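# Summary of the model geometry
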Amino acid sequence: MKATLSLAALGAFLLALPAPAQISPGTAPAWRYTLLGPTTLLVDCPICGRPSIPEPLRGTLDLRLLASNAQSQVWAVENVAFYVGDPHQPSRRLTGSGLWRWQAPDKQEMLLELQLTVPGVVTNLPLDFTNAFSHLPLPRPLLNLTLTDTRGSAVEVYHLNLLAAPAREIWFSTRHNFTSGLNIHGTRGDLLAHTGRVVRRLGDLLSRLGLMPGFWAYNLDALDLGPRGDIQFSLDEDVFSETRGPLSHGDLLSHEGLVLKTYTQWLAPFAPMPPIPNAGLDAVGRLPDGTRVFSVRESFFSQSLGKVIRPGDLLREDGQIYRTAEQLLALFKTREPAEVGLDAVYLWPHGEIWFSTERGFQDDTLGPILEGDLLSSLGYVVFRNLDLLAPFQPLEDLADFGLDALHVVTDAKSPPAQPPRLLNLQFNRATGALNVAWDGDGQVFQLESAPTPLGPWQPVRPPEPGAATILNLPPEAPPMLFFRVRQW
């Protein structure tokens, strides 16, 4: 029998997630962490004498705060889902849970009870990972520690070198088109998620700008998200809009069809030598206080600062240099940091900066760095470009598809104090389609549902910009559903 949806119930319970300040430890939403490039799994044989080769480990885990005081915190580690190899056909899987303890000023301990599964092998191997109570090598909220399996034997010991950031999804665009083995055609300029889905097509971003036919040839060159999921971006070339007139590759545009900031407005605080040049817009990001930072494509002389601004410098919109190219690349071993440029950027609340460069370079320790690799100002490779694209299984034989735009959906960033509001729910009983609309000051939203107001709450859509979605409810849907919206 097909389940029915009570519209009366939907109208009565238009719930929104409370602001974090209203949530006590133990009931707080979990923070989703993503394993980063340096994370590896190593299988050692102490008595064999054979070399042990670490394997790249990918996946996610959740951290949920259980107890907190001025000196320590205890977090539950939940939903561990790690894998080695192809994300769709991994050679190993690690699942389970555990605890993570932090003690002021900078010590940590983690205990994990995991199950190792090898596809094609029936037996699940239990592993207990732990580490000595150790200092944090990288700033919180990054997780960075080495764990060893305490059940290890003389012939097999597992070691886990873990580096993870509170990233629910990493959104980016590529410089080159690709064809996915999963029947997804990726157009340069599409906004993609590292989980293997298209967040927004380029055509959707440009549809309200009144561009001349041929918009599919354009590409994103910078990305920022504003309140209410407003997607803000620049293009990599000058275009003509039938409604707005000429648009420059240095202008910041909105998917709502607006010109938010022109290239002359970006450069005016720096008092460039007249006439004001069109230096382009290669990257845009936001500081925790909301101030925007950006980089340019072409050098220009700033009369207010008395120096040349270069493409690799990260600038504040108030006319100051936030980071020079040398400062961004200070922990990388490259001889010409000012020559590599800056192509995409994301600023974390704890001060770390993720970015890609306009050109590749050689690092004396890490080897070749490609223009599409995602880097950290802390001196490590967050993801190689092909790792970001791996869930899409691109068929083209390219070493690098480029990385022109960047945004991270993270629980580490405090959401707006005012919770989002569900505005409208319209259910079509004939088709089972539910139209949901909401409003909120966040940049990203996620719709959740539950059979009762007390939960359990489960996401029904991945994180997305925008303020509306359409759900196709399955026949097995419960007879009554309640909805709420989270925002970041």
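See above for the structure.
So, here's what we can say about the structure. (Residues numbered from 1 in each chain as written. Predicted model: local features only at pLDDT ≥ 70, side-chain atom pairs only at ≥ 80, totals over all residues. Heavy atoms only, no water.)

## Details of the state of the cysteines
Per the stated rule, a full pass over the model turns up 1 disulfide. Disulfide pairing places Cys45 opposite Cys48 at an S-S distance of 1.9 Å. Handedness of the Cys45-Cys48 disulfide follows from its S-S torsion of about 55°: it is right-handed. The buried category is assigned to Cys45, whose relative accessible area is 3%. Its relative accessible area of 44% is what places Cys48 among the partly exposed residues. (Disulfide = S-S within 2.5 Å. Buried < 20%, exposed > 50% of the residue type's maximum accessible area, 1.4 Å probe, protein only.)

## Re empty space enclosed by the protein
The final tally for this structure, using the stated rule, is 3 cavities of 30 Å³ or more. Approximately 40 Å³ is the volume found for the second largest cavity. For the second largest cavity, the full set of lining residues is Tyr346, His407, Val408, Val409, Thr410, Lys413, Gln443, Val444 and Trp488. (1 Å grid on protein atoms, 1.4 Å probe; cavity = no way out; pocket = protein on both sides within 12 Å on 5 of 7 lines; lining within 4 Å. Points joined across faces, edges and corners; volume = space filled by probe spheres on them.)

## Considerations on the sheet that holds strand E33 (residues 374-376)
Across the sheet, 4 strands lie side by side as E29-E30-E33-E34; this open sheet has antiparallel pairing. Each having just a single partner strand, strand E29 (344-347) and strand E34 (381-383) make up the two edges of the open sheet. Within the sheet, the average angular offset between the axes of one strand and its neighbour, ignoring direction, is 25°. Two elements, E29 and strand E30 (residues 353-356), share 4 bridges in a ladder whose sense is antiparallel. The residue bridging Val345 from the neighbouring strand is Phe355, located in E30. (Pairing = 2+ DSSP bridges. Helix = DSSP H or I, 4+ residues; strand = E, 2+ residues; numbered from the N terminus. Axes fitted to C-alpha atoms, helices over the stretch in contact; angles between N-to-C directions.)

## So, a nonpolar patch on the surface
Among the surface-exposed residues, Met273, Phe301 and Val308 lie close enough to one another that they form a single nonpolar patch of about 250 Å² accessible area. Within the element layout of this structure, Phe301 appears in strand E25 (residues 300-302). (Patch = residues over 30% accessible without salt bridge, like charges linked within 9 Å, V, L, I, M, F, W, Y side chains within 5 Å. Areas by Shrake-Rupley, 256 points an atom, 1.4 Å probe, with all protein chains shown as cover. Salt bridge = Lys/Arg side-chain N within 4 Å of Asp/Glu carboxyl O.)

## Looking at the pairing of strand E16 (residues 197-200)
Relative to E16, strand E15 (residues 191-193) runs antiparallel, the two being bridged by 3 bridges. Residue pairing in the sheet places Leu192 in a bridge with Val198 of E16. The antiparallel hairpin formed by E15 and E16 contains 3 residues in its connecting segment, where Gly196 sits at a positive phi of about 100°.

## Some remarks on the pattern of salt bridges
Tallied over the full model, the rule gives 30 salt bridges. One salt bridge connects Arg286 with Asp224, and the closest N-O pair in it is separated by 2.8 Å. Of the two residues, Arg286 sits in strand E23 (residues 283-286) while Asp224 sits in strand E17 (residues 220-226), which places them 62 residues apart along the sequence. Two residues, Arg384 and Asp373, come together in a salt bridge whose shortest N-O distance is 2.8 Å. Residue Arg384 is found in the loop between E34 and helix H5 (385-389), and its partner Asp373 is found in the loop between strand E32 (367-369) and E33; the two are separated by 11 residues along the sequence. Judged by relative accessible area, Arg384 falls into the partly exposed class, the value being 28%.

## A few points about the sheet that holds strand E35 (residues 405-410)
Strand order across the open sheet formed by 4 strands is E16-E15-E12-E35, with antiparallel pairing between neighbours. Every other strand in the sheet has two partners, leaving E16 and E35 as the edge strands with one partner each. Taking the axes of each pair of neighbouring strands and ignoring which way they run, one obtains an average angle of 30° across the sheet. Alignment of strand E12 (residues 167-173) against E35, held across 6 bridges, turns out to be antiparallel. From the neighbouring strand, Ala167 faces E35, where its bridge partner is Thr410.

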